[in-house]
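Reading the structure
Listed below are the residues making up each chain.
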Amino acid sequence: MSFWVLIFLIALLIAVFLGYTMLRGRRDSGPTAAYDLRVYREQLTSVDRDLARGVIAKADAERVRTEIARRILAADAQMRGEAECTGPSPTVTVVAFVVMAAILIGGALAMYRQLGAAGFPDMPLSARLEMAEELRENRPGQAEAEELATPVQAPPLDESYENLLNRLRETVAVRPDDLQGQTLLAQHETNAGNFKAGYEAQTRVIELSGESAPAQAYSDQAEMMILAAGGYVSPEAEEALRYALERNPRLGPARYYWGQMLAQTGRPDMAYRVWVDTLRDAPAGAPWADAIRAQIDDLAFRAGVFNAPDLSATPAAPGPSQEDMDAAAELSPEERQGMIRGMVDRLSERLASEGGSPEEWARLIAALGVLGEAAQAIKIRDEAVAVFAGNDQALQMIDAASVQAGIAQ
């Protein structure tokens, strides 16, 4: 109640100040011709003094008096006209002041009732950062989150696939140290919607791989945990993400879930920066990039970024337009080959000077293979491997393009 009284008094004080200014301005204002009348009367007095002292002749004094009298009549007429058009009456002014005060006070109270949070204490930035850190340290673990999460309805499985999955489970149970079997089990348990069984098998994959476990393995483990917890990033999933990002700081899925963890623990500002940087490196068609674009506007609002660039639109994949394809269909084989050669040369020059996405490098390798230039395709492949060293997803695209071009190692 004290807060409501305080904002009411502040709004009332502002209204009184504005009203006083309105009324004072009305009292102080007068006809502009009144000043001219005072000046003209002083001039008449000066003429009489000058005539008495003999400074001017009597005839000149009469002409000056006549001119001043004419000006006095004109000023008097002007003053009467201004008096008739002095604006609103005092009653209208008072009513306007009351209406203005009601709008100001009532509007302030209504706006705070809609947007404010009466009864909450001050929340300085330092206190909010401490709360976010405490929330992150004391949030529920994976097991507790799975108990609270809404059970995921597993998709219906084909009978033959379910039989194969059961056989895989039996085989892995007999051979728990089989790395390939655990890898397949983690993948297919996740495909079947059994996320807990999936991340348990993936944990075994990481144990069997030891120090050689790649970043993607930890990222997959974290994703399975998050899915099992209904989208919640637990401390155990955070640890898996940390291992993944230590091995590959540019791994897109891990960076997406890291940003999601930051948003869940009260740091949307940090999450927004992580997601923006992740989108800049995202290959076309990446599912995690589409998930970021679907949420980036809401996250920007929560982070207090009101002039954020539009990142919600999916960038068009580079390549020939529909007009180029239609034109190519009407060309002879020799002309079409020349057109392809020109596009390949332009893409090669741009990648050499400006760089590009993994998809563009893979497209160039495959195109060179189609043109029969295996040596050049190998050269581009080796350069792409050096450019994307450490980026497992990009290297997989390069390897697939190499196979398509017939230059796989």
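As the structure is a computational prediction, the values presented were derived from the model and not from experiment.

Thresholds applied
Residues numbered from 1 in each chain as written. Predicted model: local features only at pLDDT ≥ 70, side-chain atom pairs only at ≥ 80, totals over all residues. Heavy atoms only, no water. Axes fitted to C-alpha atoms, helices over the stretch in contact; angles between N-to-C directions. Helix = DSSP H or I, 4+ residues; strand = E, 2+ residues; numbered from the N terminus. Parallel < 35°, antiparallel > 145°, perpendicular 65-115°, else oblique. Left-handed = near helix turned anticlockwise from the far one by under 90°. Contact = heavy atoms within 4.5 Å. Nonpolar A, V, L, I, M, F, W, Y, C, P; charged D, E, K, R; others polar. Salt bridge = Lys/Arg side-chain N within 4 Å of Asp/Glu carboxyl O. Buried < 20%, exposed > 50% of the residue type's maximum accessible area, 1.4 Å probe, protein only. pLDDT = per-residue confidence, 0-100. Expected span 1.5 Å × (residues − 1). Arc of directions from axis to C-beta. Phe/Tyr/Trp six-rings, centres within 6.5 Å; stacked < 30°, edge-to-face > 60°.

With that settled, the discussion passes to the packing of helix H7 (residues 159-174) against helix H8 (residues 179-191). Where H7 contacts H8, the two axes come as close as 10 Å, and the packing angle between them is 140°. Classified by the angle between their axes, H7 and H8 sit oblique to one another. Note on packing geometry: the crossing formed by H7 with H8 is left-handed. Taking contact as the criterion, the partners of Tyr-161, Leu-165, Leu-168, Arg-169 and Val-172 in H7 are, on H8, Gly-181, Gln-182, Leu-184, Leu-185, His-188, Glu-189 and Asn-191. Here the contact of H7 with H8 is built from residues that sort into 6 nonpolar, 4 polar and 2 charged.

Bringing the pattern of salt bridges into the picture now. Oppositely charged side chains can pair when the atoms bearing their charge come close. Scanning all chains against the criterion turns up 19 salt bridges. For Arg-175, the salt bridge identified is with Asp-178, shortest N-O distance 3.7 Å. Here Asp-178 falls in the partly exposed class, since its relative accessible area comes to 25%. Salt bridges here are not isolated pairs; linked through shared partners, they connect Arg-136, Arg-139, Glu-238 and Arg-242.

Before going further, it helps to spend a moment on the confidence of the model for the protein chain. The predicted model of the protein chain has a mean per-residue pLDDT of 80, with 83% of residues at 70 or higher. Confidence drops under a pLDDT of 50 for residues 316-322, and excluding neighbours within four residues, the segment shows 4 contacts in the predicted structure.

Another aspect to go through is H7. Between its first and last C-alpha atoms H7 spans 23 Å; for 16 residues at 1.5 Å apiece the expected length is 22 Å, and the two agree. Of all the residues in H7, the buried ones are Leu-165, Leu-168 and Val-172. Along H7, the residues classed as buried sweep out an arc of 60° about the axis, all on the same side. When the buried face of H7 is taken as reference, the exposed residues oriented beyond 90 degrees from it are Glu-159, Arg-167, Glu-170, Ala-173 and Val-174.

Before going further, it helps to examine the packing of aromatic side chains. Note on aromatic pairs: each is described by the distance of the centres and the angle between the planes. Summed over all chains, the structure comprises 4 aromatic pairs. Between Tyr-256 and Trp-275, the ring centres sit 5.5 Å apart and the planes meet at 20°, which makes this aromatic pair stacked. Residue Tyr-256 is found in helix H12 (residues 252-264), and its partner Trp-275 is found in helix H13 (residues 268-280); the two are separated by 19 residues along the sequence. In this structure, Tyr-256 and Trp-275 share a single accessibility class: buried. Plain terms: the ring middles of Trp-361 and Phe-388 are 6.5 Å apart, the flat faces sit at 85° to each other, and that makes the pair edge-to-face.

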